[in-house]
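As a plain string of letters, each chain reads:
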Number of protein chains: 2
Amino acid sequence: MLSTEQIIETMSEQGLRITDQRKTLAKLFGENKGYLSAKDVYEFMCKKYSGLSFDTVYRNLRVMHELGVLEQIVFEEGIKFKASCNQDDHHHHLICLQCQKTYPIRFCPVDLTDAPDGFKVVKHKFEVFGYCKDCQQADTIEAKTSERSDNKSEVS
Amino acid sequence: MLSTEQIIETMSEQGLRITDQRKTLAKLFGENKGYLSAKDVYEFMCKKYSGLSFDTVYRNLRVMHELGVLEQIVFEEGIKFKASCNQDDHHHHLICLQCQKTYPIRFCPVDLTDAPDGFKVVKHKFEVFGYCKDCQQADTIEAKTSERSDNKSEVS
DNA sequence: GTTAATGCAAACGTTTTGCACAGGC
DNA sequence: GCCTGTGCAAAACGTTTGCATTAAC
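All values reported here derive from a predicted model rather than from experimental measurement.

It is worth spelling out the packing of aromatic side chains at this point. Scanning the entire structure with this criterion turns up 13 aromatic pairs over all chains. Measuring from centroid to centroid gives 6.2 Å for A:Phe75 and A:Phe129, while their planes differ by 70°, and the two rings are edge-to-face. Of this pair, A:Phe75 sits in strand 2 (residues 70-75) while A:Phe129 sits in strand 6 (residues 120-131), and the two are 54 residues apart along the sequence. In this structure, A:Phe75 and A:Phe129 share a single accessibility class: buried. A ring pair is formed by B:Tyr42 and B:Phe54, whose centres lie 4.2 Å apart and whose planes are at 20°; its orientation type is stacked. One end of the pair, B:Tyr42, is in helix 3 (residues 38-48); the other, B:Phe54, is in helix 4 (residues 54-67), and 12 residues separate them in sequence. Given the relative accessible area of 17%, B:Tyr42 is considered buried. By way of ring pairs, the aromatic residues A:Phe107, A:Phe126, B:Phe107 and B:Phe126 are connected into one cluster. Seen from the ring of A:Phe75, A:Lys80 lies directly overhead, with NZ or CZ sitting 5.4 Å from the centre.

Structure, rendered in structure tokens:
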């Protein structure tokens, strides 16, 4: 997965200006292995930038996605983003429905899939959803303490 | 895949009233094997019902989805619907990016996937996208005639 | 100094809601 | 006749756009 520095470097190489906000975004995604919605990002950024507007966040997320430093997937709840994985290393993800951390799966099923006669395969989606170890334990604890595990970071 | 009659029957069994619009919806999904967006459905229904409103279409799509007669998947362009497949017969789909027809894949990769230690798998998504035989040919023809293959029906 | 990024406001498309009326059961 | 489904209007929501100001290069 791209590091904070790699994200900044790529943006700079492409002629984008490295503003303070973009540094913070790069850091957020470089250090966070889960998926974040535009709203999550906005709320996080708000803590640091008081007069922040939605549109800047959206614009930056879009630019960063177009640039390829962020990848987005469509959940039922909407589109979410995380730092791109290394393209050379094709893989899929286990995604925790609670904390949204991702765990890589090396196995890619597309090669084992035989398409009917004339069908030309161009892309595929393989995602496995469930609950990671931590969140299962947290859920058990939660039942007693009603504390919530909302951190969205540090795996993959 | 559920037939028009099965859709109507299920809705009736669940205490829903079978209005003329709902009959038409059931027929639309019972006979159409591709994915349709709410807008597609609305536009189709408009031909038959002049004073039709968006909200009724949305309400019915939602009700039918909650009831389980429709399944929805999230494309980049938004949410789309089609009649539910038989639950007993778990399978995945090849989806044509042009005409959105679906072709079943018996192969399910989830059993071949080993999750890390404590991860509890609850659901998965495996979809293969590409272009079906017809649309590849149509594309070649299209280059000359610029005719478009917009029908969204009759396979799976 | 030039050009791109930002904040603001307003627009846009999609989906949801409340309510009165029409229609299935 | 009861209660659900419908149409209408308006609101909510997420996202995008145009423009003047600000800041990176």
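After that view, the rundown keeps rolling.
Let's shift gears to the protein's contact with DNA strand D. With respect to spatial proximity, 19 residues lie near DNA strand D, and among them A:Tyr58, B:Arg17, B:Thr19, B:Arg22 and B:Asp55 are the closest. Considering DNA strand D, the proportion of its atoms within 4 Å of the protein that are sugar or phosphate atoms stands at 61%. Between B:Gly51 and DNA strand D, the recorded distance is 3.3 Å, taken from a backbone N or O atom to a phosphate oxygen. B:Thr56 is positioned such that a nitrogen or oxygen atom in its side chain is 3.0 Å from a phosphate oxygen of DNA strand D. Looking at the surface near DNA strand D, the elements that each hand over two or more residues are helix 4 (54-67) of chain A together with helix 2 (20-31) and helix 4 of chain B. Here the residues of the surface near DNA strand D are counted per class, giving five nonpolar, six polar and eight charged.

This part takes up the UniProt feature "binding site: Zn(2+)" (unreviewed entry) in chain A. Residues and elements named next belong to chain A. Following the UniProt record, one finds the feature "binding site: Zn(2+)" (unreviewed entry) at Cys96, Cys99, Cys132 and Cys135. Sequence-wise these annotated residues cover 40 residues; spatially they are packed, their C-alpha atoms never more than 8.3 Å apart. Within the element layout of this structure, cysteine 132 appears in the loop between strand 6 and helix 5 (133-145). A relative accessible area of 1% places cysteine 132 in the buried class.

Right, let's get into the relation of the copies chain B and chain A. The operation relating chain B to chain A is a screw motion whose rotation component is 180°, with 0.0 Å of axial translation and a residual RMSD of 0.1 Å. Look at the turn and shift together and you get a two-fold axis relating the two. Residues of chain B ranked by C-alpha distance from the rotation axis are headed by B:Phe126, positioned 2.2 Å from it. A share of 100% of interface residues in chain B that are also interface residues in chain A marks the association as one of identical surfaces.

This next bit is on the UniProt feature "binding site: Fe cation" (unreviewed entry) in chain A. Residues and elements named next belong to chain A. Sites flagged by UniProt as "binding site: Fe cation" (unreviewed entry) map to His90 and His124. Spanning 35 residues, the named residues form one tight spatial group whose C-alpha atoms are at most 11.6 Å apart. Relative to the elements of secondary structure, histidine 90 occurs in the loop between strand 3 (78-83) and strand 4 (92-96). When sequence neighbours within four positions are dropped, the list of residues in contact with histidine 90 reads Arg106, Cys108 and His124. Side chain to side chain, histidine 90 and histidine 92 meet in a polar contact 3.3 Å long. Counting through the fold element by element, histidine 124 comes out in strand 6. At 3.3 Å, the side chain of histidine 124 and the side chain of histidine 90 are in polar contact.

Within a beta sheet, neighbouring strands are joined by backbone hydrogen bonds and run either parallel or antiparallel to one another. Residues and elements named next belong to chain A. Read across the sheet, three strands follow the order 1-3-2 without closing on themselves; strand pairing throughout is antiparallel. Each end of this open sheet is capped by a strand with a single partner; those strands are strand 1 (36-37) and strand 2. When strand 2 meets strand 3, the two strands line up antiparallel, connected through six bridges. Residue valine 74 lies in a different strand from strand 3, and its bridge partner there is isoleucine 79.

Turning to the interface of chain B and chain A, a few remarks are in order. A common way to state how big an interface is: give the accessible area lost once the parts meet. Contacts between the two partners involve 34 residues from chain B, matched on the other side by 34 residues from chain A. For the pair chain B and chain A, the number of links is zero salt bridges. Put simply, chain B and chain A have 10 residue pairs in polar contact (both at pLDDT 80 or more) between them. For the side of chain B that touches chain A, the secondary-structure elements that each account for two or more residues are strand 2 (70-75), strand 4 (92-96), strand 5 (102-105), strand 6 (120-131) and helix 5 (133-145) of chain B. Counted by class, the side of chain B that touches chain A contains 22 nonpolar, five polar and seven charged residues. As defined by bridge partners, strand 6 of chain A adjoins strand 6 of chain B across 11 bridges and the pair is classed as antiparallel.

For the rest of this paragraph, the subject is the environment of A:Leu25. All names here are of chain A. Counting through the fold element by element, leucine 25 comes out in helix 2 (residues 20-31). When its relative accessible area of 1% is taken as the criterion, leucine 25 is described as buried. Taking C-alpha positions, leucine 25 is 9.7 Å from methionine 64, a pair spaced 39 residues apart along the chain.

What counts, and at which threshold
- Residues numbered from 1 in each chain as written.
- Chains lettered and ligands numbered in written order.
- Predicted model: local features only at pLDDT ≥ 70, side-chain atom pairs only at ≥ 80, totals over all residues.
- Heavy atoms only, no water.
- Phe/Tyr/Trp six-rings, centres within 6.5 Å; stacked < 30°, edge-to-face > 60°.
- Helix = DSSP H or I, 4+ residues; strand = E, 2+ residues; numbered from the N terminus.
- Buried < 20%, exposed > 50% of the residue type's maximum accessible area, 1.4 Å probe, protein only.
- Lys NZ or Arg CZ within 6 Å of the ring centre and 35° of its normal.
- Near = heavy atom within 4 Å.
- Polar contact = N/O pair within 3.5 Å; in protein donor to acceptor, adjacent residues only side chain to side chain.
- Nonpolar A, V, L, I, M, F, W, Y, C, P; charged D, E, K, R; others polar.
- UniProt positions renumbered as here; feature names shortened; annotations may be inferred.
- Least-squares fit on C-alpha atoms with pLDDT ≥ 70 in both.
- Contact = heavy atoms within 4.5 Å.
- Pairing = 2+ DSSP bridges.
- Salt bridge = Lys/Arg side-chain N within 4 Å of Asp/Glu carboxyl O.

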